[in-house]
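# Summary of the model geometry
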Amino acid sequence: MSFSTVYFQWILLSTLWVAEMKEHMTHRRSANFVAGLVFNLQCNRNSQNGSVSWSRVPSQSLGNITGITIKDNMLWFLPAELVHSGEYSCFSRNGNETQEMIFEVSVQNVTCPLMNRQDDVKSTKEVKCFLPHVFELDPGAQVSWRKNCLPLPLFSTGKNSMVFPVDRSDEMVGLFTCFVNFTFEGLNYSAAQTTKIYSQPSDFVVTKPKIIYPKQETHTVTLGESFKLSCKALVGKNDMEETDIFWTSDCECLNLSYESSTIKESEQLYKLSVLSISEVKDEYLNTDLTCLVQHPAGSDFGTVRLIQASQKERHYWIGLGLVALVTLLGAVAFLFRVDLVLVYRDVCSSSAVCSDGKSYDAYVSYLHGDQLISSSAMTFGLHFLPEVLEDLYGYKLFISGRDELPGEAVHEVIADRMSRSRRLIIVLTSQSQTDATKKSLISDDAVRLEESSCAQMCAAYEQRVGLYDALVKQGLKVLLVQVEDGVEEASLPESLRFIHRTKGILRWRQNASDRANRRFWKYVRYHMPPAQRQ
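Nothing here was measured: the structure is a model prediction, and the numbers come from that model. (Residues numbered from 1 in each chain as written. Predicted model: local features only at pLDDT ≥ 70, side-chain atom pairs only at ≥ 80, totals over all residues. Heavy atoms only, no water.)

### A look at the packing of helix H6 (residues 375–392) against helix H11 (residues 518–527)
Convention followed: Axis definition: a line fitted to C-alpha atoms, over the contacting stretch in the case of helices. Angles run 0 to 180 degrees between N-to-C directions. Comment: elements are numbered from the N terminus, with helices defined as DSSP H or I runs of at least four residues and strands as E runs of at least two. Angles below 35 degrees are treated as roughly parallel, those above 145 as roughly antiparallel, those between 65 and 115 as roughly perpendicular, and all remaining angles as oblique. Should any heavy atoms of two residues lie within 4.5 Å, those residues are counted as being in contact.
For the pair H6 and H11, the least separation of the axes is 11 Å and the interaxial angle reads 75°. The pairing of H6 with H11 is recorded here as roughly perpendicular in orientation. In this structure, H6 contributes Phe380, Phe384, Leu385, Val388 and Leu389 to the contact, and H11 contributes Phe520, Trp521, Val524 and Arg525.

### What about helix H5 (residues 337–348)?
Rule in force here: Here, expected helix span is obtained from the residue count minus one, scaled by 1.5 Å. Relative accessible area decides the class of each residue, using a 1.4 Å probe on protein chains only: under 20% of the type maximum gives buried, over 50% gives exposed, and in between gives partly exposed. Relevant arc is that of directions from the helix axis to the C-beta atoms, nothing else.
Here H5 is twelve residues long and its end C-alpha atoms lie 16 Å apart, about the 16 Å a rise of 1.5 Å per residue gives. Taken together, the buried positions of H5 are occupied by Val338, Leu342 and Arg345. For H5, the arc enclosing every buried residue in end-on projection is 60°, short of the 170-degree limit, so these residues lie on one face. Residues Tyr344 and Val347 are exposed on H5 and point more than 90 degrees away from its buried face. Where H5 is buried, its residues touch H11.

### Let's talk about the nonpolar core
Keep this limit in mind: We call a set of buried residues a nonpolar core when its members are Ala, Val, Leu, Ile, Met, Phe, Trp, Tyr or Cys and they connect through side-chain atoms within 4.5 Å of each other.
Core analysis: the biggest nonpolar cluster contains 26 residues, and Phe380, Leu389, Leu397, Ile425 and Trp521 have the highest contact counts within it. For this core, the elements supplying multiple residues, two or more each, are H5, strand S23 (362–365), H6, strand S24 (397–399), strand S25 (423–428), strand S26 (477–482) and H11. Beyond its immediate sequence surroundings of up to four residues, Phe380 is in contact with Leu385, Pro386, Val427, Val481, Val483, Trp508, Phe520 and Trp521. Ranked by size, the runner-up nonpolar core spans 24 residues in total, among them Val143, Phe164, Met172 and Ile197.

### Considering the sheet that holds S25
In a beta sheet, neighbouring strands pair by backbone hydrogen bonds and run either parallel or antiparallel. What counts is decided by this rule: Note on pairing: DSSP must find at least two bridges between two strands before they are called paired.
Strands sit in the order S24-S23-S25-S26-S27 across an open sheet of five strands; the sheet is parallel. Looking at the sheet topology across the chains shown, the edges are occupied by S24 and strand S27 (506–507).

### As for the state of the cysteines
Inclusion rule: When two cysteine sulfur atoms lie within 2.5 Å, the pair is treated as a disulfide.
On inspection of all chains with the given rule, the structure shows four disulfides. Each sulfur of the disulfide joining Cys112 and Cys149 lies 2.0 Å from the other. Because the sign of the S-S torsion sets the handedness, a value of about 100° for the bond joining Cys112 and Cys149 places this disulfide among the right-handed ones. With Cys112 in the loop between strand S7 (97–108) and strand S8 (115–120) and Cys149 in the loop between strand S10 (142–147) and strand S11 (150–151), this residue pair connects regions lying 37 residues apart in the sequence. Since its relative accessible area comes to 14%, Cys112 is described here as buried. With relative accessibility at 25%, the residue Cys149 sits in the partly exposed group. Residue pairing for Cys231: its cysteine sulfur links by disulfide to Cys291, the two sulfurs lying 1.9 Å apart. Classification of the bridge connecting Cys231 and Cys291 rests on its S-S torsion, roughly -85°, and on that basis the disulfide is left-handed. Note that Cys231 is positioned in strand S17 (residues 227–234) and Cys291 in strand S21 (residues 288–295), a separation of 60 residues in sequence.

Below is the structure:
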């Protein structure tokens, strides 16, 4: 059986198979034309018996384009011009089958067109001028031949011969082009067609294509949703562009819509076809959807079956997604809890009214009044702290050493102001852990106030009252602020060490920039109560 007979049978079987299906197909093809020559595009093999519409992509009418006409459902270029380069769409309908073909047309200024047919020199006796539609328009058209785009003498072809004899020798290998001069509607035109005569090596072999995926798969789908299936096939060796790929089904009620293309990966050619289901219906369930790749040398197929996803599984994934979302939101809330709290206070606490009977947002305690003591605590307590908390954010502070009235009893003032404050801010420096100070804070030993200065005794009493309220009565929250290096936890009194371990300590850098201390002030505001509005 000759190769041409096998090829004809394959074309016939493919046509019958596709004609029995209800489907919509979209294909893309390229077409290379020569400027000044007549060419035509045919939508598909069955377009003669159905309705056909042509347009220029995107959705441009052909009525205003000169040199282009439609005849017998074919698009004619009379003749092709450089401005005709572009994409042309042909939409055909034949019964239940709809097909869209997109041609990528390229018009070039050359002499001979690219080959569109090929034959083996060992299996053919003659080369035919394959321009049947031109000869139908003008049976008396004039024909001349060229080999490799060089004119051939008349004695080798015969005058006006539509065939060129082949003697089956290797000398006949090459590109044979027939040029046809014809008349159409009173005007003279020229057309051309090229056939390649090749010689196959002794080890020449044609292999059949092979489906890469799917082999035999099952997919879960949800009714009412869209779904896509991809089919990929390896093109056989020496394919000669005769491989076709398409989708079919054992149910005639399905309208299959797919797009096919050719791709190249690692010097290998593949056919790719994507089946698009706009809405999954009951008809698609438990039905074999088959991807078929065909070539005269053989064929291969892969099958996909769609089943409905169980509601239990769907609910499981929805629940899992909600858990993941809640976990993610919780993690974000934890990481940005300080910023979220401050934003909430700025947005929602503008109408807050004092209702707890407190007069101050915080009582500030630090060592002050002694020239031997580092000035960093006084600078922070008397300047930086009120400038930010009072002036910028509206807090009301009672600062020891600034807000007492002359003549008031120190111990009574401390106890009274402390009981009317919501927070106690203790400013720590390296002096806070001297022997005198440590003996002054809460401890089980006798307090030797006579070894301390007056300022140290006041600070010690403030901290004793505040820490007693915080640790015993649990009514006052304490903020530890470190303004100098050298403060070691092991050297602090036990009560401050306890707060340091449980609540932490905030560190302020005196010589750092405002940007560097921005995080410090943010956490101070976070530990402070919302600013009250009287």
